[in-house]
Amino acid sequence: MTIQEMPGSTAYRPSPPPAWKPRTDPAPLLPDPEPYRVLGTGAAAGIDPVLMRRLYAELVRGRRYNAQATALTRQGRLAVYPSSTGQEACEVAAGLVLREQDWLFPSYRDTLAAVARGLDPVQALTLLRGDWHTGYDPRETRTAPLCTPLATQLPHAVGLAHAARLKGDDVVALAMVGDGGTSEGDFHEALNFAAVWQAPVVFLVQNNGFAISVPLAKQTAAPSLAHKAVGYGMPGRLVDGNDAAAMHEVLTEAVERARRGGGPTLIEAVTYRVEAHTNADDATRYRGDAEVEAWRDHDPIALLERELTERGMLDEDGVREAREAAETMAADLRARMNADPVLDPMDLFTHVYAERTAQLREQEAQLRAELEAEAEAGR
């Protein structure tokens, strides 16, 4: 007997059948249970020697770049520097997988990705020096300004990628963010819009263990950050972020998938921030030396150097050549950063609005008058 047939019962009027149905099969979207690796596995037999030697040279240069930028901070030449030491495989791979017409949307820690893509090393540090809005032309370099607010660059990447697709332009956007940024609303909004619009964008999350001092376990209870992709209807990939070969392979696949119209991908690179969050951070307050040393044993440069050496793809001359090139870069960076920049105070009003507001025009006139008065008094 149904409820409707029960004597004396109020007529039961069920609502219409729910309209819910699976939008897509979730199984293909799920990440691997363990981070994907190439180095030290059978898959390493198929690596491209030329590509791997270039990756190695860029990793060595990147490590030296981080060290030199950190030293410049201690010398007062930089206001702050968020080092990516230990994360070079993520940074370098991100810089190398894009075509010239594609866009990179870096976070504040991703100076190395911009440099690996071809940005001038000094220009990549200009924002952190406090000299200019940013040290390069985003349109010319196809690299968005280094983003200090957490995750706000992600919706920007989605908007640009979606607009490019609507216009028929062959453009993919690669947006980089740290694990801390995944706790921001911008992250979730960006993923949702990207999946609904099937925008050609790739999200790279560098999970380096800590959002400053907050460990990942206090940010999320998800099995992995890559699992968050499934809730938005896009594939999630979990990869060893210290394996340069795996990083390059996974990023390349995601970028080309987006280029073919396959939509967005969320990639979680499991890596580690060996140094402090910035020069203003005391990392010893929230993690021990043993933990850091354990990750040093999984160093991205050592992993790739060992693989290439064992396979006869890299010899002592190749190692020395990479180190000498890195030292040359560091010397040039040091010399150029030690030169005092020539700054024009009137640049404060440049690139604020396409058309200056009345308030800006008033402030500009006031500053010009003050500068002219100082110059007159100094004569």
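Above this note sits the structure.
Described in the following lines is the structure provided in the data block. (Residues numbered from 1 in each chain as written. Predicted model: local features only at pLDDT ≥ 70, side-chain atom pairs only at ≥ 80, totals over all residues. Heavy atoms only, no water.)

1. Looking at the pairing of strand 2 (residues 173-178)
Consideration 1: Across the six residues that make up strand 2, a large majority, five, are buried.
Consideration 2: Pairing geometry for strand 1 (residues 103-105) and strand 2, over three bridges, is parallel. Bridging across to strand 2, W103 finds its partner in A173.
Consideration 3: Two elements, strand 2 and strand 3 (residues 201-207), share six bridges in a ladder whose sense is parallel. Its bridge partner being in strand 3, M176 is matched across the sheet by L204.
Consideration 4: Once the chain exits strand 2 it traverses helix 7 (residues 185-197) before rejoining the sheet at strand 3, and the crossover so formed is right-handed. (Buried < 20%, exposed > 50% of the residue type's maximum accessible area, 1.4 Å probe, protein only. Helix = DSSP H or I, 4+ residues; strand = E, 2+ residues; numbered from the N terminus. Pairing = 2+ DSSP bridges. Right-handed = clockwise from strand over helix to strand, strands pointing away.)

2. Thoughts on the pattern of salt bridges
Consideration 1: This structure, assessed with the given rule, holds 21 salt bridges.
Consideration 2: Note that R311 and E307 form a salt bridge whose closest N and O atoms lie 2.7 Å from each other.
Consideration 3: Overall, the relative accessible area of 37% leaves R311 in the partly exposed class.
Consideration 4: Classification of E307 by relative accessible area gives buried; the value is 7%. (Salt bridge = Lys/Arg side-chain N within 4 Å of Asp/Glu carboxyl O.)

3. Regarding the environment of P145
Consideration 1: Relative to the helices and strands, P145 resides in the loop between helix 5 (138-141) and helix 6 (153-167).
Consideration 2: Sequence separation between P145 and A114 is 31 residues; the distance between their C-alpha atoms is 9.8 Å.
Consideration 3: With sequence-adjacent residues up to four places away left out, P145 is seen in contact with P106, T134, Y136 and P138. (Contact = heavy atoms within 4.5 Å.)

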